[in-house]
Amino acid sequence: MFIIRWILGRIILLLNVVFAPKKRHRPLAEQQKIDAQTQSLTLYQYPACPFCVKVRRAMRRQGLNIQTLDAKKSPHKDELMAQGGKQQVPCLRIEASDEVQWLYESKDIIRYLDQRFA
Ligand SMILES: N[C@@H](CCC(=O)N[C@@H](CS)C(=O)NCC(=O)O)C(=O)O
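None of the values given here were measured: they were computed from a predicted structure.

> Describe the nonpolar core, with residues and values.
Ranked by size, the top nonpolar core spans 15 residues in total, and within it Ile66, Leu92 and Leu113 carry the most contacts. Only β1 (41-45), α3 (50-62), β3 (91-95) and α5 (106-117) provide two or more residues apiece to this core. Considering each element in turn, this core owes the most residues, 4 residues, to α5. Setting aside anything within four residues of it in sequence, one finds leucine 113 in contact with Leu41, Met59, Gln62, Leu64, Ile66, Leu92 and Ala118.

Set out below in structure tokens:
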């Protein structure tokens, strides 16, 4: 079972590279403004998870430079469980001035990014 999942994961990663979406390019000043905003965002994810790939592709399409953390590794795995509430990826950590929100579900994450940065 592990080997099948591993092979499927490699295929997903390969297809993701071969069919990489076009990265959005903005004027420098505009991109710097967006980069400042995305500093408060972190994506907890697994490299070969199809739902995470979907979110990373959406980020690329939008030209969003969001930090990604591998949630299989410590301490990210423990942070996700302890603060997010469940061991599920992708999960977007959204830090605002006075609170932190942990947003699960690839569809909801993509909708959030599209609405905020479109
Ligand atoms: N409906 C969720 C599905 C996410 C999902 O199933 N993620 C898997 C990885 S591909 C997961 O986190 N499984 C729990 C685990 O690996 O511990 C979404 O669209 O984000």
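Additional details are given in the paragraphs that follow.
> Give me the packing of aromatic side chains: which residues, what numbers.
The relation between two aromatic rings is expressed through the spacing of the ring centres and the mutual angle of the planes. Per the counting criterion, the structure on display carries 1 aromatic pair. Just above the ring of tyrosine 46 sits the side chain of lysine 72; from NZ or CZ to the centre is 3.8 Å. Here the guanidinium or amino end of lysine 86 rests over the ring plane of tyrosine 104, the centre of that ring lying 4.9 Å away.

> Explain the sheet that holds strand β4 (residues 100-104) residue by residue, including any values.
In space, the 4 strands of this open sheet follow the order β2-β1-β3-β4, with mixed pairing throughout. Bordering the open sheet on either side are β2 (67-70) and β4, each of which pairs with just one other strand. Put simply, the sheet's adjacent strands are angled 25° from each other on average, direction ignored. The sheet contact formed by β1 and β3 spans 4 bridges and is antiparallel. By the bridge assignment for β3, threonine 42 is matched with arginine 93. The sheet contacts of α3 involve β1 and β2, and relative to β1 the element is tilted by about 150°.

> Before we move on, could you go through the packing of α3 against α5 and cite the residues and values that matter?
Here α3 crosses α5 at 10°, and the two axes come no closer than 9 Å. Overall, the two elements α3 and α5 adopt an arrangement that is roughly parallel. For the pair formed by α3 and α5, the contact residues are Phe51, Lys54, Val55, Ala58, Met59 and Gln62 on the first element and Ser106, Lys107, Ile109, Ile110, Leu113, Asp114 and Phe117 on the second. Residue composition of the contact of α3 with α5, by class: 8 nonpolar, 2 polar and 3 charged.

> Go over unusual backbone geometry, please, and point to the residues and values.
What you tend to see is this: most non-glycine residues have negative phi, and most peptide bonds are trans. Look at the link from serine 74 to proline 75: it is a cis peptide, with omega at 5°. Mapping proline 75 onto the fold places it in the loop between β2 and α4 (76-84). The omega torsion across valine 89 and proline 90 is 0°, close enough to zero to call that bond cis. Looking at where proline 90 falls in the secondary structure, it is placed in the loop between α4 and β3. Of note, glutamate 105 is a non-glycine position whose phi angle comes to about 80°, a positive value. As for its placement among the helices and strands, glutamate 105 is situated in the loop between β4 and α5.

Reading guide: rules and limits
- Residues numbered from 1 in each chain as written.
- Predicted model: local features only at pLDDT ≥ 70, side-chain atom pairs only at ≥ 80, totals over all residues.
- Heavy atoms only, no water.
- Core = buried A, V, L, I, M, F, W, Y, C linked by side-chain atoms within 4.5 Å.
- Buried < 20%, exposed > 50% of the residue type's maximum accessible area, 1.4 Å probe, protein only.
- Helix = DSSP H or I, 4+ residues; strand = E, 2+ residues; numbered from the N terminus.
- Contact = heavy atoms within 4.5 Å.
- Phe/Tyr/Trp six-rings, centres within 6.5 Å; stacked < 30°, edge-to-face > 60°.
- Lys NZ or Arg CZ within 6 Å of the ring centre and 35° of its normal.
- Pairing = 2+ DSSP bridges.
- Axes fitted to C-alpha atoms, helices over the stretch in contact; angles between N-to-C directions.
- Parallel < 35°, antiparallel > 145°, perpendicular 65-115°, else oblique.
- Nonpolar A, V, L, I, M, F, W, Y, C, P; charged D, E, K, R; others polar.

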